[in-house]
Amino acid sequence: QVQLVESGGGLVQPGGSLRLSCTASGSSFNINAMGWYRQAPGKERELVADIVNGNSANYVDSVKGRFTISRDNAKNTVYLQMNSLKPEDTAVYYCYAGRWGATYWGQGTQVTVSS
């Protein structure tokens, strides 16, 4: 099994920045995808960003140019650097890790962007 622990959420003013971190532990071999989903009040869950099999990062259009995903394979850690935050980014952010036959989820971390 894989356990994912997230950190870095919080309250920030519009235009501010946060960095989310997610570290996988346990039976973390053969993980070939890591990324972030979010769910805002009244909205569907959406994929924010991910990295699969060492390929280029993927982003939802609304965060392109503002968010950057990175992965440290040696540490089994994925990061989401969030700059120029907007109130529309307010959501619970969930880290995920995937391999054949299983998808694992972090506990979720609240990001609130408000003046």
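Above: the structure in question.
From a predicted model like this one, the values you see are computed outputs, not experimental measurements.

Undergrad: Honestly, the nonpolar core in this entry has me stumped. Any pointers?
TA: Leu4, Trp36, Val48, Phe67, Leu80, Met82 and Tyr93 are the most contacted members of the largest nonpolar core, which has 28 residues in total. Listed by contribution, the elements that provide at least two residues to this core are strand S1 (2-7), strand S3 (18-26), strand S4 (33-39), strand S5 (46-52), strand S7 (67-72), strand S8 (77-82), strand S9 (91-99) and strand S11 (109-113).

Undergrad: What exactly am I supposed to notice about the environment of Gly106 here?
TA: For Gly106, the location among the structural elements is in the loop between strand S10 (102-105) and S11. For the pair Gly106 and Tyr93, spaced 13 residues apart in sequence, the C-alpha to C-alpha distance is 8.9 Å. Beyond its immediate sequence surroundings of up to four residues, Gly106 is in contact with Leu4, Glu6, Tyr94 and Cys95.

Undergrad: How should I be thinking about the pattern of salt bridges in this particular structure?
TA: Oppositely charged side chains may form a pair once their charged atoms are brought near each other. Applying the stated criterion to the full structure yields 4 salt bridges. Note that Lys64 and Asp61 form a salt bridge whose closest N and O atoms lie 3.0 Å from each other. Residue class for Asp61 comes out exposed when judged on its relative accessible area of 60%. Between Asp89 and Arg66 there is a salt bridge; the shortest N-O distance is 2.8 Å. Note that Asp89 is positioned in the loop between S8 and S9 and Arg66 in the loop between strand S6 (58-59) and S7, a separation of 23 residues in sequence. Classification of Asp89 by relative accessible area gives buried; the value is 2%. A residue is classified by how much of its surface remains accessible, and Arg66, at 11% relative accessible area, is buried.

Undergrad: Any chance you could explain the pairing of S1 here in plain terms?
TA: Looking along a regular strand, one sees the side chains alternate between the two faces of the sheet. Residues Val2, Leu4 and Glu6 of S1 are buried on one face, while the alternating residues Gln3, Val5 and Ser7, pointing to the opposite face, are not. Here S1 pairs with S3 via 6 bridges, running antiparallel. Paired with Val2 across the bridge in S3 is Gly26.

Undergrad: Sorry, what's going on with the environment of Gly10 here?
TA: Looking at the element boundaries, Gly10 is found in strand S2 (residues 10-12). Measuring from C-alpha to C-alpha, the distance between Gly10 and Val111 comes to 5.1 Å, with 101 residues separating the pair along the chain. Filtering out sequence-adjacent residues up to four positions away, Gly10 remains in contact with Leu18, Gln110, Val111 and Thr112.

Undergrad: Looking at this structure, how should I read the sheet that holds S7?
TA: Strand pairing in a sheet relies on backbone hydrogen bonds. The paired strands run either parallel or antiparallel. Ordered in space as S1-S3-S8-S7, the 4 strands form an open sheet in which the pairing is antiparallel. Because the sheet does not close on itself, it has two edges, and the strands there are S1 and S7. With strand direction ignored, the average angle separating the axes of adjacent strands in the sheet is 15 degrees. Direction of pairing for S7 relative to S8: antiparallel, over a ladder of 6 bridges. Looking at the pairing, Arg71 lines up with Val78 of S8.

So, how was this worked out
Residues numbered from 1 in each chain as written. Predicted model: local features only at pLDDT ≥ 70, side-chain atom pairs only at ≥ 80, totals over all residues. Heavy atoms only, no water. Core = buried A, V, L, I, M, F, W, Y, C linked by side-chain atoms within 4.5 Å. Buried < 20%, exposed > 50% of the residue type's maximum accessible area, 1.4 Å probe, protein only. Helix = DSSP H or I, 4+ residues; strand = E, 2+ residues; numbered from the N terminus. Contact = heavy atoms within 4.5 Å. Salt bridge = Lys/Arg side-chain N within 4 Å of Asp/Glu carboxyl O. Pairing = 2+ DSSP bridges. Axes fitted to C-alpha atoms, helices over the stretch in contact; angles between N-to-C directions.

In short, shape yes, function no, at least from these values alone.
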